[in-house]
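What follows is the residue order along each chain.
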Protein chains: 2
Amino acid sequence: MKILRRADEVAEWSEAYRTAALSVGFVPTLGGLHEGHLSLVRQARLECDRVVVSIYLNPAQFDSASDLDHYPANLEADLDACREVGADIVLVGERTDFLPEGFESWVFVEDLVRKLCGTGRPGHFKGVCTVVTQLFHVVRPHRAYFGSKDFQQAKVVSKMAEELLFDIEIRLLPTVRSADGLAMSSRNERLTEVQRAASTVIWESLQAARELITGGETSVDVVRESLAGIFDKTGSCELEYAEVLAAETLRDFPDGVLNLDGEGVLVALAARFGDVRLIDNIQVTATDASGRMEEAELEIDGGN
Amino acid sequence: MKILRRADEVAEWSEAYRTAALSVGFVPTLGGLHEGHLSLVRQARLECDRVVVSIYLNPAQFDSASDLDHYPANLEADLDACREVGADIVLVGERTDFLPEGFESWVFVEDLVRKLCGTGRPGHFKGVCTVVTQLFHVVRPHRAYFGSKDFQQAKVVSKMAEELLFDIEIRLLPTVRSADGLAMSSRNERLTEVQRAASTVIWESLQAARELITGGETSVDVVRESLAGIFDKTGSCELEYAEVLAAETLRDFPDGVLNLDGEGVLVALAARFGDVRLIDNIQVTATDASGRMEEAELEIDGGN
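Just so you know, the residues in each chain are numbered from 1, in the order the chain's sequence is written. Written order determines the labels here, with chains lettered from A and ligands numbered from 1. Residue-level local features of this predicted model are given only where pLDDT is at least 70; pairs of side-chain atoms are given and counted only at 80 or more, and the full residue set underlies all totals for whole chains, interfaces and linings.

Caption draft 1: Inspection of the overall build of chain A at higher detail. Counting from the N terminus, the helices are DSSP H or I runs at least four residues long and the strands are E runs at least two residues long. Looking only at helices and strands, one finds twelve helices and ten strands in chain A. Here the radius of gyration uses the C-alpha set of atoms, whereas the globule reference equals 2.2 Å times the residue count to the power 0.38. Relative to the compact-globule value of 19 Å for 304 residues, chain A shows a C-alpha radius of gyration of 20 Å, a close match. For chain A, the spread of C-alpha atoms along the three principal axes comes to 65 × 40 × 35 Å. Every C-beta atom is placed from the backbone, and the number of other C-beta atoms within 10 Å of a residue's own sets its class: buried at 20 or more, exposed at 12 or fewer, partly exposed in between. Burial statistics for chain A: of 304 residues in total, 41% are counted as buried. Considering only contacts within chain A whose residues lie at least 6 apart along the sequence, 72% involve residues at least 24 apart. For the purpose of contact definition, each residue receives a C-beta atom placed from its backbone, and two residues are in contact when these atoms lie within 7 Å.

Caption draft 2: Structural detail: helix H2 (residues 35-47) of chain B. Residue and element names in this part refer to chain B. Expected helix span is taken as 1.5 Å per residue step, with the number of steps being one fewer than the number of residues. Along its 13 residues, H2 runs 18 Å from first to last C-alpha, staying within 8% of the 18 Å computed at 1.5 Å per residue. Taken together, the buried positions of H2 are occupied by Gly36, His37, Leu38, Leu40, Val41 and Ala44. Residues of H2 that are buried in the fold lie against strand S2 (24-29), strand S3 (50-55), helix H4 (75-85), strand S6 (143-147) and strand S7 (169-173).

Caption draft 3: Here's a closer look at the nonpolar core. Each nonpolar core reported here comprises buried Ala, Val, Leu, Ile, Met, Phe, Trp, Tyr and Cys residues connected via C-beta atoms within 7 Å. The biggest cluster of nonpolar side chains holds 164 residues, and the ones touching the most others in it are Val267 of chain A together with Val267 of chain B. Apart from the residues lying within four places of it in its own chain, the contact partners of Val267 of chain B are Leu206, Ala209, Val223, Val244, Asn281, Ile282 and Val284 of chain B.

Caption draft 4: Seen up close, the environment of Trp203 of chain A. Residue and element names in this part refer to chain A. Inspection of the secondary structure assignment puts Trp203 in helix H10 (residues 200-214). The exposure class of Trp203 is partly exposed, given the 17 C-beta atoms found within 10 Å. Separated by 68 residues in sequence, Trp203 and Leu135 place their C-alpha atoms 33 Å apart.

Caption draft 5: Broad picture of the sheet that holds strand S7 (residues 169-173) of chain A. All names here are of chain A. Taken together, six strands build an open sheet; the order of strands is S1-S4-S3-S2-S6-S7 and the sheet is parallel. In the strand order of this sheet, the two ends are held by strand S1 (2-4) and S7, each with one partner. Sheet twist, expressed as the mean angle between neighbouring strand axes with direction ignored, is 25°. When strand S2 (residues 24-29) meets strand S6 (residues 143-147), the two strands line up parallel, connected through two bridges. Note that in S6 the partner of Gly25 across the bridge is Arg143. Lines fitted to C-alpha atoms define the axes, with helix axes restricted to the stretch in contact, and inter-axis angles between N-to-C directions lie between 0 and 180 degrees. In the packing of helix H8 (residues 151-163) onto the sheet, the strands contacted are S6 and S7, and the crossing angle to S7 comes to about 165°. Two strands qualify as a pair provided DSSP detects at least 2 bridges between them.

Caption draft 6: View of the domain arrangement of chain A. Residue and element names in this part refer to chain A. Boundaries of every domain are those given by an automatic assignment or by a domain database. The domain boundaries assigned to chain A delineate domain 1 (2-173) and domain 2 (186-291). Each of domain 1 and domain 2 was reduced to a C-alpha centroid, and the two centroids are 26 Å apart. Domain 1 puts 15 residues into the contact, and the matching count from domain 2 is 15 residues. Counting residues per element, the side of domain 1 that touches domain 2 draws most heavily on H8, at three residues. Classes in brief: Ala, Val, Leu, Ile, Met, Phe, Trp, Tyr, Cys and Pro nonpolar; Asp, Glu, Lys and Arg charged; the others, Gly included, polar. Across the side of domain 1 that touches domain 2, the residue classes break down as six nonpolar, six polar and three charged.

Caption draft 7: Main features of the relation of the copies chain A and chain B. Of the transformation placing chain A onto chain B, the axial shift is 0.0 Å and the rotation is 180°, giving an RMSD of 0.0 Å. Here the two chains are linked by the operation of a two-fold rotation axis. Identified as the residue of chain A closest to the rotation axis by C-alpha distance is Val107 of chain A, at 2.2 Å. A share of 100% of the interface residues of chain A reappears at the interface of chain B, consistent with the copies meeting face to face through the same patch. Superposing copies: least-squares fit, C-alpha atoms only, residues required to have pLDDT of at least 70 in both.

Caption draft 8: Structural context of the interface of chain A and chain B. Chain A puts 24 residues into the contact, and the matching count from chain B is 24 residues. Elements supplying a minimum of two residues to the side of chain A that touches chain B: helix H1 (7-19), strand S5 (105-109), helix H7 (124-139) and H8 of chain A. Element by element, the count of residues in the side of chain A that touches chain B is highest for S5 of chain A, at five residues. Residue composition of the side of chain A that touches chain B, grouped by class: 13 nonpolar, five polar and six charged. As defined by bridge partners, S5 of chain A adjoins strand S5 (residues 105-109) of chain B across five bridges and the pair is classed as antiparallel. Opposite Ser105 of chain A, over in S5 of chain B, you have Val109 of chain B as the bridge partner.

Dropping the structure here:
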């Protein structure tokens, strides 16, 4: 595994791979690697001839200096993990490498960023899009891998890649979860024991929302209130937002009536446990709902 | 010469060129080709194995619908001209090809666009940067060619290409002028005879500014007032701006005292002749000034 610290070295390797007709998979990360990231690298390993991972704690996607400073960084552990899952190249960037003093060229996506994390974190997605653009230019992957926990980020990057005519397939893979449902996140290790115990409310409330929707509930407000209600009963945390949106466009449902046809429903939330902000989401589709209905029918049959 | 109407066809050719280790030169245009454009294609022809020209009347870089609608378009003449100077591929884009309904991914450069044409045309450079990014992704050139008449545009694109880590050399070539000094522009043909005669004021005033600066004038205000004065004496036109800036950074000189050391001085103006807006500029460097001083010394010597 090559550990490279300069973008132009990575670009040279990438060009050599392309010239040799080898496909390149790319997993951009902020470091603090966990099973979620590693699942992306494993999938890239399955689908591509060569796999590039970047570890760059992008300051432009943090709105809070404290969040940036507390982001877990253990480069040796990250590199060991990359080696173990078979990365070919790891690009390790220093904070100022991609965004030097006086930097002024930015990439952003207008509409998709107005919801969810875009509301409370105004510069966040501009920071993501800009650095992902730079990394795409350096790595020139055929496929890039993103996790569903950061669903909006993946949608924004997909939109950007499609519209700016990057010739890159954006692959969105499932969220990896602990046994109790908590989505893997580098920030989880900053939770106190009490907060960690309370954090199961996230998965619990999302599952309750899924139950409601597959059970036939069509009111966005009812689903949101159910989520908020479950959080209200839990100490040690504060719900920042809970949204029920069309999954592809991240738009509100007209008149607050959700609709499983077509793109399906995204239920997404952000919550604070002390100064640790966690996000999670689920998608509910017509197939989920019909599965649920079949289940119900089976139960009825079984009861006969 | 291949005339291609789909971006993905161009991308395939460009990838084939790269795989064959052929260098690619790129000249993006809005159509309405004149000697200025053709000088860029000729230079690309000299420096690169393959030359791609794009003809795409980018609606996002026009702030006025009337300017867009009146932009000269004669595709057959443009294609003939490209053939004559030896282009290998011409990408012909329809208005909605690059910016379809609902488009929302944009690229912009913050600081450089606050001056000159950025002031009166707020969305202009965002439109340029976005479509140039798309074209760069499709064509993947080794070198891209821009003319000095649109000096600020070339600076903005250079900054963007450098900061977003495009691996593309931006080549800035001299403005091509008519015998009377008027810079070649597709818009020139919209001038009436009277306006065309008046338009020599642009070159006259820029030459007067050069004389002043190489003669030792260091006051930005004096140079600007000289330019404005020459325009005031001319009918059929209106000066929109006349600026004297540091040529690399497009920044104002501190305390209005211009300085030929280092990056040199940009004198740039925009003027309206009826509804036709023309821009032009010159750069003045320390070498120009010392040339002028040597000339003066020779005159003194000659006088002895």
